[in-house]
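Residue-level listing of the chains:
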Amino acid sequence: MNIANNLNKIQSQLPEYVTLVAVSKTKPISDLMEAYDAGQRIFGENKIQEMVEKHETMPKDIKWHMIGHVQRNKVKHMAPFVSMIHGVESLKLLEEINKQAMKHHRVIDCLLQIKIASEDSKFGMSPEEATTLLQSKACAECNNVNIVGVMGMATFTNDKDQVKREFDKLKTTFDHLKELNSPNCQLHTVSMGMSGDYKLAIASGSTMVRVGSSIFGSRNYAQ
Ligand SMILES: *Cc1c(COP(=O)(O)O)cnc(C)c1O
């Protein structure tokens, strides 16, 4: 497993407008440093504690993306440094991010997580809930967040047509939300696509892919 080679190969396949988030959850810092030395600067983690620890020991020009489910009481730990939070799925969470960002005199980029998969286990809002959120007075008062787009995860299936339909749904939702021109929003990012489906996602309009195992190898959660 040569991390630098994997990275270069994937980068060479991405259109220049697509941003690569290297998903490094569960991986040791030595692996992340291999990617860093190959030029990668955006890393995605799904556990706040793990991201905080990696942030503390690694170079400070790294942009840390929180891609996992976020518990409100843990937002404060990442608020000083997190670059983007992908999994915003409620007004309450957005308000907590806003509050913690304000304490650190920051504006934190956020993505609204939209539920596009048919499985029950996937988190996220419906397109209607996202619309309601963006039109709410409470959201308009969250001046320390910048909602920059949407994020979604397709169903874990070999049915490419289904995955394509789900990605298309996310892109349509993004287009609709963009038209609302809501305050504290600058919608430009569609975060969709992982190791197994990022090419399909790009074909459906993804501008940000989150790739883990194709860069770092398969994960061992038992460790
Ligand atoms: C783990 C994870 C990824 C990366 O998955 P791979 O299949 O290893 O590329 C992408 N997005 C989210 C939200 C994840 O939790």
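Residues numbered from 1 in each chain as written. Predicted model: local features only at pLDDT ≥ 70, side-chain atom pairs only at ≥ 80, totals over all residues. Heavy atoms only, no water.

## Comments concerning the site of the ligand
- Residues in contact with the ligand, as listed here, are Val 23, Lys 25, Ile 67, Met 151, Met 153, Met 194, Ser 195, Arg 210, Val 211, Gly 212, Ser 213 and Arg 219.
- Between the ligand and Gly 212 there is a distance of 2.8 Å, counted from an oxygen atom to a backbone nitrogen or oxygen.
- Measuring from an oxygen atom of the ligand, one finds a side-chain N or O atom of Arg 219 at 2.8 Å.
- Burial of the ligand by the surrounding chains reaches 90%, relative to a free accessible area of 390 Å².
- Counting atoms within 2 Å of the grid points, the majority share of the ligand lands in the largest pocket.
- Looking at the shell around the ligand residue by residue, the class counts come to 6 nonpolar, 3 polar and 3 charged. (Near = heavy atom within 4 Å. Polar contact = N/O pair within 3.5 Å; in protein donor to acceptor, adjacent residues only side chain to side chain. Areas by Shrake-Rupley, 256 points an atom, 1.4 Å probe, with all protein chains shown as cover. 1 Å grid on protein atoms, 1.4 Å probe; cavity = no way out; pocket = protein on both sides within 12 Å on 5 of 7 lines; lining within 4 Å. Sits in = over half its atoms within 2 Å of the grid points. Nonpolar A, V, L, I, M, F, W, Y, C, P; charged D, E, K, R; others polar.)

## Focus: the layout of surface pockets
- If you add up the space inside the largest pocket, you get close to 1,100 Å³.
- What lines the largest pocket is a set of 38 residues, and nearest its centre among them are Lys 25, Met 153, Met 194, Arg 210 and Arg 219.
- Among the elements of the structure, helix 3 (48-57), helix 8 (160-179), helix 9 (198-203) and strand 8 (208-211) are those that each provide at least two residues to the lining of the largest pocket.
- Here the element with the most residues in the lining of the largest pocket is helix 9; it accounts for 3 residues. (Points joined across faces, edges and corners; volume = space filled by probe spheres on them. Helix = DSSP H or I, 4+ residues; strand = E, 2+ residues; numbered from the N terminus.)

## Some thoughts on the side chain of Ser 24
- Assignment of secondary structure puts Ser 24 in the loop between strand 1 (19-23) and helix 2 (29-37).
- Here Ser 24 is in contact with Leu 32, Phe 43, Gly 44, Glu 45, Glu 50, Lys 54 and Phe 216, once residues within four sequence places are set aside. (Contact = heavy atoms within 4.5 Å.)

## A few points about the pairing of strand 1
- Buried residues dominate strand 1, accounting for 4 of its 5 residues.
- With 4 bridges joining them, strand 1 and strand 8 adopt parallel strand pairing. Considered in strand 8, the bridge of Ala 22 is made with Val 211.
- As paired strands, strand 1 and strand 2 (residues 42-45) are joined by 2 bridges and run parallel to one another. (Buried < 20%, exposed > 50% of the residue type's maximum accessible area, 1.4 Å probe, protein only. Pairing = 2+ DSSP bridges.)

## Quick word on the environment of Asn 6
- Among the structural elements, Asn 6 can be located in helix 1 (residues 3-13).
- For Asn 6, a relative accessible area of 18% translates into the label buried.
- Residues Asn 6 and Glu 119, spaced 113 residues apart in sequence, show a C-alpha to C-alpha distance of 30 Å.
- Here Ile 215 takes part through its backbone oxygen, which lies 2.9 Å from a polar atom of the side chain of Asn 6.

## Notes on the pairing of strand 3 (residues 63-66)
- Inspection of the sheet shows strand 2 paired to strand 3 by 4 bridges, in the parallel sense. Residue pairing in the sheet places Gly 44 in a bridge with His 65 of strand 3.
- Taken together, strand 2, helix 3 and strand 3 form a β-α-β motif whose crossover is right-handed.
- Bridge analysis of strand 3 against strand 4 (residues 84-88) gives 2 bridges, and the strand direction is parallel. By the bridge assignment for strand 4, Met 66 is matched with Ile 85. (Right-handed = clockwise from strand over helix to strand, strands pointing away.)

## Structural notes on the state of the cysteines
- Under the definition given, this model contains 0 disulfides.
- Cysteine Cys 142 remains unbridged, with the sulfur of Cys 139 as its closest cysteine sulfur at 5.9 Å.
- Given the relative accessible area of 3%, Cys 142 is considered buried.
- Cysteine Cys 185 remains unbridged, with the sulfur of Cys 139 as its closest cysteine sulfur at 5.3 Å.
- A relative accessible area of 17% places Cys 185 in the buried class. (Disulfide = S-S within 2.5 Å.)

## Considerations on the packing of aromatic side chains
- Scanning all chains against the criterion turns up 1 aromatic pair.
- Summarising the aromatic geometry, the rings of Phe 43 and Trp 64 are spaced 5.8 Å apart at their centres and angled 35° between planes, so their arrangement reads as tilted. In this pair, Phe 43 is assigned in strand 2 and Trp 64 in strand 3, connecting sequence segments 21 residues apart.
- Note on Trp 64: relative accessible area 1%, which makes it buried. (Phe/Tyr/Trp six-rings, centres within 6.5 Å; stacked < 30°, edge-to-face > 60°.)

## Points about helix 5 (residues 91-103)
- Helix length check: helix 5 (13 residues) gives 19 Å between terminal C-alpha atoms against 18 Å at 1.5 Å per residue, within 8%.
- For helix 5, the set of buried residues is Leu 93, Leu 94, Glu 96, Ile 97, Asn 98, Gln 100 and Ala 101.
- On its buried side, helix 5 packs onto helix 4 (75-78), strand 4, strand 5 (108-113), helix 6 (127-134), helix 7 (137-140) and strand 6 (145-151).
- Directly beyond the C-terminal end of helix 5, a positive phi value near 55° is found at His 105. (Expected span 1.5 Å × (residues − 1).)

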